[in-house]
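Summary of the model geometry
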Amino acid sequence: MSKKIANKLENFSQWYNDIILNADLAENSGVRGCMVIKPYGFAIWEEMKQVLDKKFKETGHVNAYFPIFIPKSFFTKEASHVDGFAKECAVVTHYRLKNNDSGEVIVDENAKLEEELIVRPTSETIIWDTYKKWIKSYRDLPLLINQWANVVRWEMRTRLFLRTSEFLWQEGHTAHETKSEAIEEAEKILFLYKDFIENTLAVPLIYGLKSEREKFAGAIDTYCVEALMQDGKALQAGTSHFLGQNFAKAFDVKFASRSGNLEYVWASSWGVSTRLIGALVMTHSDEKGLVLPPKLAPYQVVLIPIYHSQEEYDAIIEKMKLISCELSSLGIRVKEDFRDTYKPGWKFSEYELKGVPVRIAMGPRDLKNNTVEFVRRDKCEKQIISFSEITSTTQSILNQMQHDLFLKAKLFQENNTFSVDNFDDFSYRINNGGFVLAHWDGSPETEDEIKKLTKATIRCIPMDAKKENGLCILTGKPSLQRVIFAKSY
RNA sequence: CGGGGUAUAGCUUAGUCCGGUUAAAGCGCACGUCUGGGGGGCGUGAGAGCGGAGGUUCAAAUCCUCUUGCCCCGACCA
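Residues numbered from 1 in each chain as written. Chains lettered and ligands numbered in written order. Predicted model: local features only at pLDDT ≥ 70, side-chain atom pairs only at ≥ 80, totals over all residues. Heavy atoms only, no water.

1. Some thoughts on the packing of helix α2 (residues 39-58) against helix α8 (residues 275-284)
- For the pair α2 and α8, the least separation of the axes is 10 Å and the interaxial angle reads 105°. One finds that α2 runs roughly perpendicular with respect to α8. Contacts between α2 and α8 involve Gly41, Ile44, Trp45 and Met48 from the first element and Leu276, Ile277 and Leu280 from the second. (Axes fitted to C-alpha atoms, helices over the stretch in contact; angles between N-to-C directions. Helix = DSSP H or I, 4+ residues; strand = E, 2+ residues; numbered from the N terminus. Parallel < 35°, antiparallel > 145°, perpendicular 65-115°, else oblique. Contact = heavy atoms within 4.5 Å.)

2. Observations regarding unusual backbone geometry
- Note that the residue after leucine 141, namely proline 142, is joined by a cis bond; omega there is -5°.
- Residue placement: proline 142 occurs in the loop between α5 (124-134) and β9 (143-152).
- In this structure, aspartate 24 takes a positive phi of about 65° despite not being glycine.
- A positive phi angle, near 55°, is found at aspartate 252, a position not held by glycine.
- If you trace the backbone, aspartate 252 turns up in the loop between α7 (246-250) and β14 (254-256).

3. Examining the nonpolar core
- Leu25, Met48, Phe161, Tyr193, Ile197, Leu201 and Leu290 are the most contacted members of the largest nonpolar core, which has 61 residues in total.
- Both of domain 1 (12-71 + 123-284) and domain 2 (301-395) provide at least three residues apiece to this core.
- Apart from residues lying up to four places away in sequence, phenylalanine 161 is in contact with Tyr16, Ile20, Leu25, Ala26, Met35, Ile37, Thr274, Arg275, Ile277 and Gly278.
- Counting 28 residues, the second-largest nonpolar core is a separate cluster that includes Val82, Leu141, Leu143 and Ala217. (Core = buried A, V, L, I, M, F, W, Y, C linked by side-chain atoms within 4.5 Å. Buried < 20%, exposed > 50% of the residue type's maximum accessible area, 1.4 Å probe, protein only. Domains from an automatic or database assignment.)

4. Concerning the domain arrangement of chain A
- Domain boundaries assigned for chain A yield domain 1 (12-71 + 123-284), domain 2 (301-395) and domain 3 (418-486).
- Each partner contributes residues to the interface: domain 1 has 19 residues there, and domain 3 has 17 residues.
- Summing the contributions of domain 1 and of domain 3, the shared interface buries around 1,500 Å²; its carbon and sulfur component is 62%.
- Of all residues in domain 1, Ile206, Tyr207 and Arg213 bury the most surface against domain 3, accounting for 35% of the area lost on that side.
- At the boundary of domain 1 with domain 3, the tally comes to three salt bridges.
- Linking aspartate 448 and arginine 213 is a salt bridge whose minimum nitrogen-to-oxygen distance equals 2.8 Å.
- At the junction of domain 1 and domain 3, the tally comes to seven residue pairs in polar contact (both at pLDDT 80 or more).
- Of all elements in the fold, only α6 (179-199), β11 (206-209), β12 (221-228) and β13 (234-244) reach the threshold of two or more residues within the side of domain 1 that touches domain 3.
- Ranked by residue count, the leading element in the side of domain 1 that touches domain 3 is β12, at five residues. (Buried area = accessible area lost by both parts, 1.4 Å probe. Salt bridge = Lys/Arg side-chain N within 4 Å of Asp/Glu carboxyl O. Polar contact = N/O pair within 3.5 Å; in protein donor to acceptor, adjacent residues only side chain to side chain.)

5. Observations concerning the protein's contact with RNA strand B
- Lining the immediate environment of RNA strand B, one finds 34 residues, of which Phe85, Arg153, Arg157, Lys343 and Trp346 sit closest.
- The sugar-phosphate share of atoms of RNA strand B within 4 Å of the protein amounts to 29%.
- Between RNA strand B and glutamate 350 there is a distance of 3.5 Å, counted from a base nitrogen to a side-chain nitrogen or oxygen.
- Taking lysine 382, its side chain carries an N or O atom lying 2.9 Å from a base nitrogen of RNA strand B.
- Listing elements by their share of the surface near RNA strand B, those giving two or more residues are α4 (79-85), α10 (344-353) and α11 (364-369).
- Element by element, the count of residues in the surface near RNA strand B is highest for α10, at seven residues.
- Residues of the surface near RNA strand B, tallied by class, amount to 11 nonpolar, six polar and 17 charged. (Near = heavy atom within 4 Å. Nonpolar A, V, L, I, M, F, W, Y, C, P; charged D, E, K, R; others polar.)

6. Some points on a nonpolar patch on the surface
- A surface patch of nonpolar side chains, amounting to about 280 Å² of accessible area, comprises Leu97, Val105 and Val107.
- Inspection of the secondary structure puts valine 107 in strand β7 (residues 105-107). (Patch = residues over 30% accessible without salt bridge, like charges linked within 9 Å, V, L, I, M, F, W, Y side chains within 5 Å. Areas by Shrake-Rupley, 256 points an atom, 1.4 Å probe, with all protein chains shown as cover.)

7. Quick notes on the sheet that holds strand β21 (residues 382-386)
- Read across the open sheet, the five strands follow the order β18-β17-β19-β20-β21; overall the sheet is mixed. Here the strands that pair on one side only, and so sit at the sheet edges, are β18 (334-336) and β21. Going from strand to strand, the sheet's axes swing by 25° on average, the running direction of each strand aside.
- On the sheet, helix α12 (residues 390-415) packs against β17 (301-305), β19 (358-362), β20 (371-376) and β21 and is oriented at approximately 5° with respect to β20. (Pairing = 2+ DSSP bridges.)

8. Topic: the pattern of salt bridges
- Counted according to the given criterion, the structure contains 29 salt bridges.
- A salt bridge links lysine 98 to glutamate 109; the shortest N-O distance between them is 3.5 Å. Of this pair, lysine 98 sits in strand β6 (residues 97-99) while glutamate 109 is found in the loop between β7 and β8 (112-119), placing the two residues 11 residues apart along the sequence.
- The class for lysine 98 is partly exposed, based on a relative accessible area of 29%.
- Owing to a relative accessible area of 47%, glutamate 109 belongs among the partly exposed residues under this scheme.
- The shortest N-O distance in the salt bridge between glutamate 214 and arginine 459 comes to 3.7 Å. Of the two residues, glutamate 214 sits in the loop between β11 and β12 while arginine 459 sits in strand β24 (residues 457-462), which places them 245 residues apart along the sequence.
- For glutamate 214, a relative accessible area of 25% corresponds to the partly exposed category.
- Relative accessible area serves as the criterion here: at 3%, arginine 459 is assigned to the buried category.
- Connected via shared salt-bridge partners are Lys210, Glu214, Glu226 and Arg459.

9. Some details on the packing of aromatic side chains
- Using the criterion set out here, one finds 17 aromatic pairs in the structure.
- Residues tyrosine 307 and tyrosine 313 carry aromatic rings whose centres are separated by 4.7 Å and whose planes lie at 70° to one another, so their mutual orientation is edge-to-face.
- Among the aromatic side chains, those forming a connected cluster through ring pairs are Trp45, Phe56, Trp148 and Trp270.
- Looking at arginine 359, its charged tip hangs above the ring of phenylalanine 348, at a distance of 3.8 Å from the centre.
- Above the plane of the ring of phenylalanine 418 lies arginine 429, whose end atom (NZ or CZ) is 3.9 Å from the centre. (Phe/Tyr/Trp six-rings, centres within 6.5 Å; stacked < 30°, edge-to-face > 60°. Lys NZ or Arg CZ within 6 Å of the ring centre and 35° of its normal.)

This is the structure in structure tokens:
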């Protein structure tokens, strides 16, 4: 092995970086805090986009595109929104360069913008400024729009996929006639995300509401889905916000209601980002490299010939092309790696690093016996199967693997979820990683104090949890239900 | 923004303390060859003037000054 992957238990961060670099998903760029998403990593994002986009369309949403630049005055209209983002905004102040006397390129100070432009950290403001023009009557509602875009948040410390200064995401922005419709929309999307992430990414989640401290700047309520990574830290995987009438009021978006009154519209917004690729890596991968759930794998099956002579090569390739056609016709994504410039062993390692779910190899021995060597990535066990079984075995293994990855991750999550009733147990569990269910008195001050003492934050307040009287682990004040704490990314 | 570290070939690093031939190695790359069921072996070769600027010296990767990038810790972070 010429490529080395750090031990996952000893150095999780290094392991994570090694997986991404060796699987060729992304790399750091010449721009501080920004990454290059390489073709293989982008292919995974494209798979995600395709599945999600279809779900959005099926639920009545349409795509559109809004500008990347937001005039500062728009941005400052919603007070809590500004507070939330002010410290991490990139600002465009000039529109021209020139050469100075020494021939260096400098900013032309005479080309200062009259009003600075904010590079969008999210698009609520520009979108609501636009919606004001679009919404006049209840007949214009609901307005259900999504956009696929990049956003910029000037982060102090960055990590590939998990936190970069620029990232790709989708953001949905909807406008509704009534409060309950907007809430219903926010919840609908929450469950759409949950379904997508659990069934397609095979990443098990917890879901619920964010606390006052953790919710989106400008929202009334933030719903979230959270996943537990293999190092015991939580990762926010998606959020959906009920915005109330906050943005409608800030941007004066009113509509004539059925009863003829002018009313402010009700809003939601929601998003998931390329961070999901980070979640995927940290949930399933192992010491050998990336492990991809079949539904998202750019290649679900890779075909690798093993041969000595040209005659063997020709005969094996001919057979493999038939297999390839047959699998493709079933909608299975197949990669034929018939290159003569790399050896079989090298290819085996390469596709393990890249997490391709199924590897089918065929050598002279197989050709004679009408068999292939079949290996599924998560188990890495070889089995010899006959030609006639290839399609059925592939189909069932892909399904099984998708299922098994989820179950394995789910089991990990369950084994690392604890319920505690006093602060000592709480600290102990938090330090060892995992989700910790505990009573909390509901005050932001207590949440802050717990964060200061243990670095744990409230990941979410479960929506479907049974009510249970208890005492706050920090203050001893009464509490009606447990909330979920964890250290997080 | 505070504390610490680091910068030498495409990559990973040695050399720096204590200045002295043509700056070294592994991986990768190219070519040849033997190979071929798990990143194979052997041989040949190309490739850097040591982050940048200035200084000390007969002589600087090595010493001094300034500067820049990156990494880690902290602060910060929906």
